[in-house]
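Examining the three-dimensional arrangement
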Amino acid sequence: MKRRLPLGIQDFAKLREGGFVYVDKTGHIYSLITGPAGPVFLSRPRRFGKSLLCSTLAAIFEGRRELFSGLAIDTTDWQWKKYPVIKLDLNPGNYTEGTDILNVMLQNNLEIAASKMNLNLHGTVLPQIFINLIIDAKNKFNERLTILIDEYDKPLLTTIDNPELYITMQNILKGFYSVLKSADEYLGFVLITGVTKFSQIGVFSDLNNLTDISLNPDYYDICGFTQEELETNFEPEINSIVIGNAADGYIADGCVADGCVAANPDQSSQEYMNRLKHFYNGYRFSEKPATVYNPYGLLNHFFNRGKFGSYWYSTATPTFLIKLIAEQKIDILDLERKTVTICDFQKFNIDKMDVLPVLYQTGYLTISGYNQEAETFTLDYPNEEVRASFADSLLEHYTKAENNEAYTCAQKINISLIKGHVEDALNALRSLFAAIPYDIQIKQEKYYQTIVYLTFRMFGLNCQSELRTADGRIDVLVETQKYVYCFEFKLNGTADEALQQIDSREYLLQWKGSGKKLFKVGINFDFEKRNIGEWKTANENK
């Protein structure tokens, strides 16, 4: 029987009462609610389970033990009693329409909380209404309150390209959230979740006792699924997909055109699990070298019977981030190897925004390495879903070509390279450049290199740019199951010069003896033609 997967379900009671699959996070939650004394802050990208976490905490503090039967927290010494809870959810609402929407959302949240506790709101302004509700609840129940604020920064993120409205929203939220400091004596557990870090926002500047667990190794997997949780909790879905693959003749990742079919069901299973990890895992939230899967993408993958799709990415196109990358002239080819400090993670200044921390906080980049001595983090794309989809968005921005035309050309290029048909790939690449408007092309070799790299990345090719070797850097290197392509580019030069550079610097030396067919590809771009002027290819011995 097909199990019920909790797609889009953010209410813990609905999930448990409806018999949906639940990955037990209550062990972490117990540690959290019996740990830090002050307010707690957690930053995670969108659709990572923050809302379900808040709902689970609400059920715990409301004393609804029946919902936790068989879960980790039910075996602890937690005292199941009813506490007053105020849960604020700022995720709904079109805040681009102005501050009235924010005021209405805050008012509605307080009204819902008051209704659940059979209390009446009173006061003239929102901060006053908020603190009065807290005091009234404490007096009625004679217990400290639990405050859960979900997606505190949604009004800010949606107005980030409107600085004037952003500042106004920021000031409203700062005044509202300042109540948490004034009401400290009435509060027990407080959790604030969002995408962006709090320190530079100014919203929580009064909360000097706020404990940030966003990079705490103990809570790296409080949201998201670990590899062990995947294999333990979704074994029926995995087995169903693997059996289906074996029956259909499973085609391995990256070699569809080569027709690489697994030899037996066991091999199919391992290949499938590797692909699953490659496509959806990779998010890292601490110095600890441990990663998690994005829940939204994984659940949609299982719901759609094993179809690999960009489910998380497609829920929000990062238009603002693409624009910010262009404005700050970020080198796309070097985006995957950037190093930041822990202080950089906390930067979110509307006047001088650094795109790298924002890309990390929003989930488009993640931690790939940590240097303990220098206390620096290296950032990279978390997985193939984000890498390929982001390349698609960047390519659309940098080419301004009609999306269908660019997509078709990119698809032809990638299939041709997988098949080993390098001439077909280059002809399709020429068609792509012909579709780019004349007036947006930049007279720089780096521009053309970037377009080629993004095109290769769109369909998940194993592609590297500016790859360091003993004697230089390869412009672009592509490796498939059977072939290795070394691309060298020139602008207003010659293809012969490009090939000569590949040979003189022995760019392909480390792939000799790999058993793969090696291609050297020299391309000269003609800026007057705004396209490939000439190309030459040559083969290396395996």
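Residues numbered from 1 in each chain as written. Predicted model: local features only at pLDDT ≥ 70, side-chain atom pairs only at ≥ 80, totals over all residues. Heavy atoms only, no water.

**A word on the overall build of the chain**
The condition is simple: Only DSSP runs of H or I covering at least 4 residues are called helices, and only runs of E covering at least 2 are called strands; the numbering of each starts at the N terminus. Radius of gyration: C-alpha atoms only; globule rule: 2.2 Å multiplied by the number of residues to the exponent 0.38. Relative accessibility thresholds used throughout: buried, under 20% of the residue-type maximum; exposed, over 50%; partly exposed, between the two (1.4 Å probe, protein chains only). When checking whether two residues touch, look at their non-hydrogen atoms; a contact exists if any pair is within 4.5 Å. Each accessible area value is a Shrake-Rupley result obtained with a 1.4 Å probe; residue values ignore everything except the protein chains displayed when judging cover. We score Asp and Glu as negative and Lys and Arg as positive, and we do not count His or the chain ends. A single reference atom marks each charge: NZ on Lys, CZ on Arg, CG on Asp, CD on Glu.
Along the chain, the regular secondary structure elements total 19 helices and 13 strands. Computed over the C-alpha atoms, the radius of gyration of the chain is 26 Å, within 12% of the 24 Å expected from 2.2 N^0.38 for a compact globule of 542 residues. Overall size of the chain, expressed as C-alpha extent along the three principal axes, is 85 × 55 × 45 Å. Counting only residues that meet the buried cut, the chain has 53% of its 542 residues in that class. Across the chain, the fraction of contacts at a sequence separation of at least 24, relative to all contacts at a separation of at least 6, is 68%. Put simply, the chain shows about 23700 Å² of open surface, and 45% of that area lies on carbon and sulfur atoms. Averaged over its 56 positive side-chain charges, the chain has a centre that lies 2 Å from the centre of its 68 negative ones.

**Overview of the packing of aromatic side chains**
So the rule is basically this: The rule is short: rings of Phe, Tyr and Trp, with Trp giving its six-membered ring, pair when the centres are within 6.5 Å, and they are stacked under 30 degrees, edge-to-face over 60, tilted in between. The criterion is that NZ of a Lys, or CZ of an Arg, lies within 6 Å of the ring centre and within 35 degrees of the ring normal, and then a charge sits over that ring.
Counted by the stated rule, this structure contains 37 aromatic pairs. Aromatic pair Phe 41 and Tyr 152: ring centres 5.8 Å apart, planes at 75°, arrangement edge-to-face. Remark: Tyr 152 occurs in the loop between strand 3 (145-150) and helix 6 (154-157) and Phe 41 occurs in strand 1 (residues 40-43); sequence separation between them is 111 residues. Tyr 152 matches Phe 41 in its accessibility class, with the two residues each being buried. Measuring from ring centre to ring centre gives 6.3 Å for Phe 487 and Phe 489, while their planes differ by 25°; the resulting arrangement is stacked. Side by side, Phe 487 and Phe 489 carry an identical accessibility label, which is buried. Taken together through their ring pairs, the aromatic side chains of Phe 433, Tyr 447, Tyr 448, Phe 456, Tyr 483, Tyr 485, Phe 487, Phe 489, Phe 519 and Phe 525 make up a single cluster. The ring of Phe 308 carries Arg 275 above its face, with NZ or CZ at 4.0 Å from the centroid.

**Here's the deal with helix 3 (residues 50-61)**
Every α-helix winds through 3.6 residues per turn, so residues three or four apart in the chain are directed the same way. Inclusion rule: Expected span of a helix, by definition, is 1.5 Å for each gap between consecutive residues, and there is one gap fewer than residues.
With twelve residues, helix 3 should reach 16 Å at 1.5 Å per residue; the first-to-last C-alpha distance of 17 Å fits that figure. For helix 3, the complete set of buried residues consists of Lys 50, Ser 51, Leu 52, Leu 53, Cys 54, Ser 55, Thr 56, Leu 57, Ala 58, Ala 59, Ile 60 and Phe 61. Two residues or fewer past helix 3, Gly 63 is found with a positive phi of approximately 75°.

**Some details on the pairing of strand 13 (residues 531-540)**
Put simply, the rule reads: In this description, strands pair whenever DSSP reports at least two bridges between them.
Of the pairings in the sheet, the one linking strand 12 (residues 517-526) to strand 13 comprises nine bridges and is antiparallel in character. Bridge pairing in strand 13 places Gly 522 opposite Lys 536. Where strand 12 folds back onto strand 13 in an antiparallel hairpin, the turn is made up of four residues, including Arg 530, whose phi is positive at roughly 55°.

**Let's talk about the pattern of salt bridges**
A side chain with one charge may pair with a side chain of the opposite charge, provided their charged atoms come close. Stated precisely, the cut-off is as follows: The term salt bridge refers to a side-chain nitrogen of Lys or Arg lying within 4 Å of a carboxyl oxygen of Asp or Glu.
Applying the stated rule across the entire model yields 16 salt bridges. With a closest N to O distance of 2.7 Å, Arg 3 and Glu 237 form a salt bridge. Taken together, the positions of Arg 3 in the segment before helix 1 (12-17) and Glu 237 in helix 10 (residues 235-248) put the pair 234 residues apart, joining distant regions of the chain. Taking relative accessible area as the criterion, Glu 237 reaches 11% and is therefore assigned buried. Among the charged side chains, a network of salt bridges with common partners joins Asp 331, Lys 446, Glu 466 and Arg 473.

Keep in mind that these numbers describe shape and distance, not what the molecule does.
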